[in-house]
Amino acid sequence: MLDFIMDNLDFILSLICAFIACIYFARRGQIAKIRQIVLALCVDAELTFGGGTGEIKKSSVLEAIYRMLPSWAKLFLSGTTLTKLVEEGKSDMDALASGSSKVVMNLLYDTASK
């Protein structure tokens, strides 16, 4: 058995490196998609729950993300990572609303106040 491992050590190490690279790139691509989804969910939560309900909105967004994620992605994304992504999504939403995007600001705040 040891002879087999030693004879094929380069193949085994290449296989391990390829596996790690696949996990890294899959996670990286998944996080980029999740960021877009989180932003949409934050906007939806803002429209649904309105102002002053931060924890409810955050819980709602996290619950929706957990329902949407495939099982394999849940293995590689921790709860703290998802919480950080939700906080970033909220910051992005606030930046869009306070920036020059009048359409987004009207959508968020005019519709929510009706």
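These notes cover the structure that comes with them. This is a predicted model, so every value here is computed, not measured.

Details of the pattern of salt bridges
Here comes step 1: Under the criterion given, the structure shown has five salt bridges.
Here comes step 2: With its nearest N and O atoms 3.1 Å apart, the salt bridge here joins arginine 35 to glutamate 88. Of this pair, arginine 35 sits in helix 2 (residues 9–49) while glutamate 88 is found in helix 5 (residues 79–98), placing the two residues 53 residues apart along the sequence.
Here comes step 3: According to the relative accessible area criterion, glutamate 88 is partly exposed, its value standing at 27%.
Here comes step 4: In this structure, lysine 58 engages glutamate 87 in a salt bridge whose closest nitrogen and oxygen atoms are separated by 3.1 Å. Placement of the pair is lysine 58 in helix 3 (residues 54–68) and glutamate 87 in helix 5, with a sequence separation of 29 residues.
Here comes step 5: Classification of lysine 58 as partly exposed rests on a relative accessible area of 23%.
Here comes step 6: Classification of glutamate 87 as partly exposed rests on a relative accessible area of 37%.

Criteria and cut-off values
Residues numbered from 1 in each chain as written. Predicted model: local features only at pLDDT ≥ 70, side-chain atom pairs only at ≥ 80, totals over all residues. Heavy atoms only, no water. Salt bridge = Lys/Arg side-chain N within 4 Å of Asp/Glu carboxyl O. Helix = DSSP H or I, 4+ residues; strand = E, 2+ residues; numbered from the N terminus. Buried < 20%, exposed > 50% of the residue type's maximum accessible area, 1.4 Å probe, protein only.

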